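Examining the three-dimensional arrangement
Each chain, written out:
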Amino acid sequence: MNETTLKIFNRTLHIKKQWKITFLATWIGGMLAHAYRFFNFLPSWDSMYNFAGTGATYSSGRCFLEFFSKISSKYDMPWVNGALSLLYISLASILLVELFELQECASCVLLALLIVSFPTVTASFAFMFTADGYMMAFLMAVLGIYLTWRYRYGIFPGIICIGLSIGTYQAYISVMLCILLIMFARDLLIKQKDFKSFFRNNWKYIPLLLGGFIFYKIASTLINAYYHITLTAYQGIGQLHILSLWEYRQAFRNVYNELSHLLSFNEALNVYWYGYANRLVFALLLLCTVYLILKNKLYRQPLACLTGILCIICLPLTVCFLFFVSSDVWYHTLMEMGACFIYLLLLCYLEHGCVKTRFEKIIKSIGIVVLCYLSFYNIRNANICYNEMNLSYEKSYSIASNVLDRIEDLDEFPEISKVAIIGTYHTYSSNIGGTVPYIIGVDQDNFLNLDFHYFAMWNYCFGIQLDQASSEEIAAIKQTEEYQKLDSYPSKNCIAVIHDIIVIKLPEE
């Protein structure tokens, strides 16, 4: 059967075959990619002190993040957070199937696999304590556009959804913009709508985005005023402004560098097939765009044609749109979900634009093979990432345990329980390369980057609470002759009591 009928409160819901396929593909692909993470304890440097929290919320402009994250409780529970995340991703994928009007089973499966295995999702699961909140932001972004597209008065609940998404994780604004750009390109280049009818049907998305941002801004301002919270300077959150001409030039360069790194265009990384596959995606997008313009004689409607081309050009720029509103922002994998929609644009081209001639079928076959490979690569890469996280945890636990043993062996312990950890100790293993692309939150080195990571790990993993020396006390200790005579860890002479503080000297300061 193509549809399943479900009655809810005297209303009939027709569950399409495409929905069921997308839902199942999301869960199957999600488990293949992320089961290692869901069923293992793999902390990172952030999660080490967020076992019972959601990280930065109100002060980072994420006024709704804590609410959505607490649906799964306030604790970092990999399976519960992961299952909720897969649920949100599967629902968002179903809505995208509807928005992009995908009918073929292969397209539905590929859309689900490309999304659930994308590096941004893997990076989100590296910070599992807040992953379900971020995936809810993704769902709200898609739902806001879907409601506006599907229902006559859907813009009103759509505005609320957009505001909730921005207030949960601002980076998902790029997802909203990328979805709209794909829909616009489809209308102009595939459906061949004239510019007048295109504008009449799509102008509503302007008040949708503006209304959503205003709702978010009002809610964030009121909540922060009530709790007396000031926005931090992190990622330029409090410093959005119109850039200078030089800054705009730098923004374009930053977008290119960021996408080159994410998609492995860098010369140092282009030995990987992943980079070649991504190059082929861009080549197919260019080929399909030119082919559709010539095939459908879209040049006869220059305004519509140029607008469609502009949508295609703006798609990669939109992935890193924050570069164009803040000169202080720096992008990482958590913020780059919009890049996945470059693949989804090609998927729309393959289903809607390449269906008749032999040439079109050849292009479609090549495109499907490339997208299948990228899905496979990202699933495999996710498992490599979690393997590295496991290695990092084992190293971190071993170091924290060894340092704690040395503290407990001192005659002055436990009468003296204030500790100063000075420096950083790295534990890179040979013959283990990093992941391509690099995914934030993943590193085979130990995650004890700063002194408070040791105290957090001793507290949560060993149940031992020690007092942390202040920065002033550490500065005074470093000036002493006793400290200068200490060797660096793991030497036996790396620990001493100075100024009634237990001091551990690590190699790098």
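An account of the accompanying structure is given in this report. (Residues numbered from 1 in each chain as written. Predicted model: local features only at pLDDT ≥ 70, side-chain atom pairs only at ≥ 80, totals over all residues. Heavy atoms only, no water.)

Quick look at the overall build of the protein chain now. Scanning the protein chain for helices and strands turns up 18 helices and six strands. Over its C-alpha atoms the protein chain spans a radius of gyration of 26 Å, differing by no more than 12% from the 23 Å that the globule rule assigns to 509 residues. Considered along the principal axes of its C-alpha atoms, the protein chain spans approximately 85 × 55 × 55 Å. In the protein chain, which comprises 509 residues, the share counted as buried stands at 54%. For the protein chain, the exposed surface amounts to about 22,900 Å²; the carbon and sulfur share of it is 62%. Charged side chains of the protein chain number 36 positive and 37 negative; the gap between the two group centres comes to 23 Å. (Helix = DSSP H or I, 4+ residues; strand = E, 2+ residues; numbered from the N terminus. Rg over C-alpha atoms; globule rule 2.2 N^0.38 Å. Buried < 20%, exposed > 50% of the residue type's maximum accessible area, 1.4 Å probe, protein only. Areas by Shrake-Rupley, 256 points an atom, 1.4 Å probe, with all protein chains shown as cover. Lys, Arg positive; Asp, Glu negative; His and termini not counted. Charge placed at Lys NZ, Arg CZ, Asp CG, Glu CD.)

With that settled, consider the pairing of strand β5 (residues 495–498). Here β5 pairs with strand β6 (residues 501–505) via four bridges, running antiparallel. Bridge assignment links valine 497 to a residue of β6, and that residue is isoleucine 502. Counting the residues that bridge the hairpin from β5 to β6 gives two residues, and of these histidine 499 lies at a positive phi of roughly 55°. (Pairing = 2+ DSSP bridges.)

Counting 131 residues, the largest nonpolar core has Leu96, Phe100, Phe138, Ile179, Phe341 and Leu344 as its most contacted members. Top contributing element to this core by residue count: helix α6 (residues 128–150), with 15 residues. Contacts of phenylalanine 341, omitting those with residues within four sequence positions, involve Leu96, Phe100, Phe138, Val175, Cys178, Ile179, Ile182 and Leu315. (Core = buried A, V, L, I, M, F, W, Y, C linked by side-chain atoms within 4.5 Å. Contact = heavy atoms within 4.5 Å.)

Here the focus is the environment of phenylalanine 452. Locating phenylalanine 452 in the fold gives a position in helix α16 (residues 451–462). Spatially, the C-alpha atom of phenylalanine 452 lies 26 Å from that of tyrosine 227, the residues being 225 residues apart in sequence. What phenylalanine 452 contacts, discounting residues up to four positions off in sequence, is Tyr49 and Gln468.

With that out of the way, let us pick up the environment of proline 157. Its place among the elements puts proline 157 in helix α7 (residues 155–168). Taking C-alpha positions, proline 157 is 18 Å from glutamate 98, a pair spaced 59 residues apart along the chain.

Moving on to the side chain of asparagine 81. Position of asparagine 81 relative to the elements: it lies in helix α3 (residues 78–99). A relative accessible area of 0% places asparagine 81 in the buried class. For asparagine 81, the side chain forms a polar contact with the main-chain oxygen of methionine 128, separated by 2.8 Å. If we ignore the near neighbours within four places in the chain, the residues touching asparagine 81 are Ser72, Tyr75, Asp76, Met128, Phe129 and Asp132. (Polar contact = N/O pair within 3.5 Å; in protein donor to acceptor, adjacent residues only side chain to side chain.)

Counted by the stated rule, this structure contains nine salt bridges. When the shortest N-O distance is used, the salt bridge between lysine 295 and glutamate 360 registers 2.7 Å. Taken as a pair, lysine 295 in helix α12 (residues 273–295) and glutamate 360 in helix α15 (residues 358–408) lie far apart in primary sequence, 65 residues in all. Overall, the relative accessible area of 36% leaves lysine 295 in the partly exposed class. (Salt bridge = Lys/Arg side-chain N within 4 Å of Asp/Glu carboxyl O.)

Strand order across the open sheet formed by four strands is β4-β3-β6-β5, with mixed pairing between neighbours. Looking along the sheet, the strands with just one partner apiece sit at the ends: β4 (467–468) and β5. As paired elements, strand β3 (residues 418–422) and β6 share four bridges and run parallel to each other. When the bridges of β6 are listed, alanine 420 appears paired with valine 503. Sitting on the sheet, α16 touches β3 and β4, and the angle it makes with β3 is about 135°. (Axes fitted to C-alpha atoms, helices over the stretch in contact; angles between N-to-C directions.)

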